[in-house]
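Overview (structure and organization)
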Amino acid sequence: KDFSLSNDKDAHASDNDENAERGNWSNKGDYLLSMVGYAVGLGNVWRFPYLTYQNGGGAFLIPYTLMLALAGLPLFFMECSLGQFASLGPISVWRILPLFQGVGITMVIISTFVAIYYNVIIAYALYYLFASFQKVLPWSDCFSWADDFCSKTRLVSDCNATLHGEIVHANYSFITNNNLTCINGTMNYKPVQFPSEQYWNKVALQRSSGLDETGNIVWYLALCLLLSWMIVGAALFKGIKSSGKVVYFTALFPYVILLILLVRGATLEGALDGIEYYIGRQSNITKLMEAEVWKDAATQIFYSLSVAWGGLVALSSYNKFHNNCYSDAILVCVTNCATSVFAGFAIFSILGHMAFVSERPVSEVVDSGFDLAFVAYPEALSKLPVAPLWSFLFFFMLLLLGLDSQFATIETLTTTIQDIYPKVMKKLRIPITLGVCILLFFLGLVCVTQAGIYWVNLIDHFCAGWGILIAAVLEIIGIIYIYGGNRFIEDIEMMIGKKSRLFWLWWRMCWFFITPVLLMAILVWSLVTFSPPTYGSVLYPTWGTAVGWCMIIFCVIWIPIVAILKIVKAEGNLCQRIVSCCRPAANWGPYLECHRGERYSHIVDPKKEKEHEIPTVSGFVY
């Protein structure tokens, strides 16, 4: 490959950039808000609050905070430092350890799968956003699309009552015809579905019976998916120079909406019940004795911070070399976790009101994931005065939360392309960015068929789980144990300045022992407790589960393939080949010569270096 760059102007770089070839963030704010937008996503709103109430209320914040310090922050800081030091994306940065370059490929492929289905969720939010522009929300009542099971209230089927001094059990029509009263706690209810649930399944998704029944493409969801990809493409057409400005709105405005929803929710009857259910009138400290609680805390932190996806490395690679990535990592991680806690109050205050209005316990209206975002919360909003306004604000917030995470995911893919084909990307950045968006749009069409939600759930179940954990475990083992933790610390000190031994004590403890052990524990736990994917009560066919396994195998198979390729291309006997592949490549180090100092004065200029590249059919490995 020829690394020489033409003099054509790249929109990604400007005359004021420290790195004129790759480009830099226009200012620190662009970077920080892009990182916050990437880390703060839909999971902060639809998963964390549910986990909190499920795992002991306020007591859950103890393992959550500990896992942030022990697993989340160390990995986050490591990836930010890695990308900033080398100014390279998630694949090229593995010049640090050529044997493990397949880990970078795994991260990029998983990010590609996630980008496909994540934009489908954004399309759902867009559909509900447009549906909110009506005087009466279409899911506020059982309209023409509803069936006999649809009801706004729970319907009693039978209960116990006192008749002539004796307790009798009878159906509810008999009770009412005889002017009797049900004894508290003895009522059985008919299986009914609320309007918002039937609207989600019958109208929005037109959901089929299972993965076997693909059905037709739902045209309005396909149009919403196209619109969401057009928004992503427009925001990224100049790379970080354009997306860095868009995030000032997409990353900050969700906080305004959350605050509005919290203030409105706090003024409603029953809000206190919801908040008490969230944090707990008396937090259940005994829950901390259960291993499941600690596993949930570690898993939530791990996925919430978006570590091991490749995005943190990609975004940090556009920093200036001497940027303080240490303070940035702490700021973004704390902001992410504080957002999760804050969102819980906004969500549960309004769910508490819904429980009050519908005369149900809060536990029956609380849910997580799709059911919280598109069933439970819309149902609650439909009961408020001026319901369309609150519905619009909520789905606009979901849209923004999804978009800025998607911006960073696509930037990860384009950064990878830029590092491999810099000349091509310099001349054709806009067509390539748009081409990536168009390709992923067509790949996502299967997710907007009538069986689309099953595909979304399948990709999420497999790709966004073990693959990321495997990549994270290998990443920390490779950098700390093979490349060398102390050597990596010296690299970081070249950027942020010399620090004391005491400063590094905590990070050494985490990187060398605590974090790898925690990640391995989560991985083993996930494998041991594996259950076949389901969507609600719908079981997946055997071939569907097999497709899921094939997806995850396709993601991680590159790790051994690339390792074998590297060893085959190396010289010497087997042992010598493995040792040479465990050493950094000759062109590993700071991107710019002015930052290399004595430690990297030997570096081979990447513009001239060709000997260490290993081309493959994928084009990824070099």
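The name given to the chain in an unreviewed UniProt entry is Transporter, with Aramus guarauna as the source organism. UniProt's Subcellular location (unreviewed entry) comment on the chain is quoted here verbatim: "Membrane". Check the Sequence similarities (unreviewed entry) section of the UniProt entry for the chain; it says "Belongs to the sodium:neurotransmitter symporter (SNF) (TC 2.A.22) family."

**Focus: the packing of helix H18 (residues 452–462) against helix H21 (residues 542–556)**
At a minimum axis separation of 9 Å, H18 and H21 run at an interaxial angle of 45 degrees. The pairing of H18 with H21 is recorded here as oblique in orientation. Crossing hand, H18 versus H21: right-handed. On H21, the residues touching Trp 455, Leu 458, Ile 459 and Phe 462 of H18 are Trp 543, Gly 544, Thr 545, Val 547, Gly 548, Trp 549, Met 551 and Ile 552. Among the residues forming the contact of H18 with H21, the class breakdown is nine nonpolar, three polar and no charged.

**Comments concerning the UniProt feature "binding site: Na(+) 1" (unreviewed entry) in the chain**
Listed under "binding site: Na(+) 1" (unreviewed entry) in the UniProt record, and renumbered for this structure, are Gly 37, Ala 39, Val 40, Ser 304, Asn 336, Leu 401, Asp 404 and Ser 405. With the annotated positions falling across 369 residues, the maximum pairwise C-alpha distance of 13.9 Å places them together in a single cluster. Mapped onto the secondary structure, Val 40 falls in the loop between helix H1 (28–39) and helix H2 (42–46). Judged by relative accessible area, Val 40 falls into the buried class, the value being 5%. Aside from chain neighbours lying at most four places away, what touches Val 40 is Tyr 255, Asn 336, Thr 339, Leu 401, Asp 404 and Ser 405. Here Asp 404 shows up in helix H16 (residues 387–420). On the basis of relative accessibility, which here comes to 3%, the residue Asp 404 falls in the buried class. Filtering out sequence-adjacent residues up to four positions away, Asp 404 remains in contact with Gly 37, Tyr 38, Val 40, Val 247, Thr 250 and Ala 251. Here Ala 251 takes part through its backbone nitrogen, which lies 3.4 Å from a polar atom of the side chain of Asp 404.

**Things to note about helix H15 (residues 370–381)**
With twelve residues, H15 ought to run about 16 Å at 1.5 Å a step, and its terminal C-alpha atoms sit 16 Å apart, in line with that. A large share of H15 lies buried, amounting to eleven of its twelve residues. Of all the positions in H15, only Phe 370, Leu 372, Ala 373, Phe 374, Val 375, Ala 376, Tyr 377, Pro 378, Glu 379, Ala 380 and Leu 381 are classed as buried.

**Section: the nonpolar core**
Counting 207 residues, the largest nonpolar core has Phe 76, Tyr 124, Trp 200, Phe 370 and Trp 511 as the members making the most contacts within it. With residues up to four places along the chain from it excluded, the contact list for Trp 511 reads Pro 74, Phe 77, Met 78, Ile 476, Ile 480, Phe 488, Ile 489, Ile 492, Trp 504 and Pro 516. Counting six residues, the second largest nonpolar core, distinct from the first, contains Ala 161, Ala 170, Leu 180 and Cys 182.

**Side note on the domain arrangement of the chain**
In terms of domains, the chain is made up of domain 1 (28–142 + 201–569) and domain 2 (155–191). Distance from the C-alpha centre of domain 1 to the C-alpha centre of domain 2: 48 Å.

**Brief notes about the side chain of Ser 81**
Note on placement: Ser 81 falls in helix H4 (residues 61–86). Relative accessible area serves as the criterion here: at 1%, Ser 81 is assigned to the buried category. Sequence-distant contacts of Ser 81, that is, excluding residues within four places in its chain, are made with Cys 325, Phe 488, Ile 492 and Met 495.

What counts as what
- Residues numbered from 1 in each chain as written.
- Predicted model: local features only at pLDDT ≥ 70, side-chain atom pairs only at ≥ 80, totals over all residues.
- Heavy atoms only, no water.
- UniProt positions renumbered as here; feature names shortened; annotations may be inferred.
- Axes fitted to C-alpha atoms, helices over the stretch in contact; angles between N-to-C directions.
- Helix = DSSP H or I, 4+ residues; strand = E, 2+ residues; numbered from the N terminus.
- Parallel < 35°, antiparallel > 145°, perpendicular 65-115°, else oblique.
- Left-handed = near helix turned anticlockwise from the far one by under 90°.
- Contact = heavy atoms within 4.5 Å.
- Nonpolar A, V, L, I, M, F, W, Y, C, P; charged D, E, K, R; others polar.
- Buried < 20%, exposed > 50% of the residue type's maximum accessible area, 1.4 Å probe, protein only.
- Polar contact = N/O pair within 3.5 Å; in protein donor to acceptor, adjacent residues only side chain to side chain.
- Expected span 1.5 Å × (residues − 1).
- Core = buried A, V, L, I, M, F, W, Y, C linked by side-chain atoms within 4.5 Å.
- Domains from an automatic or database assignment.

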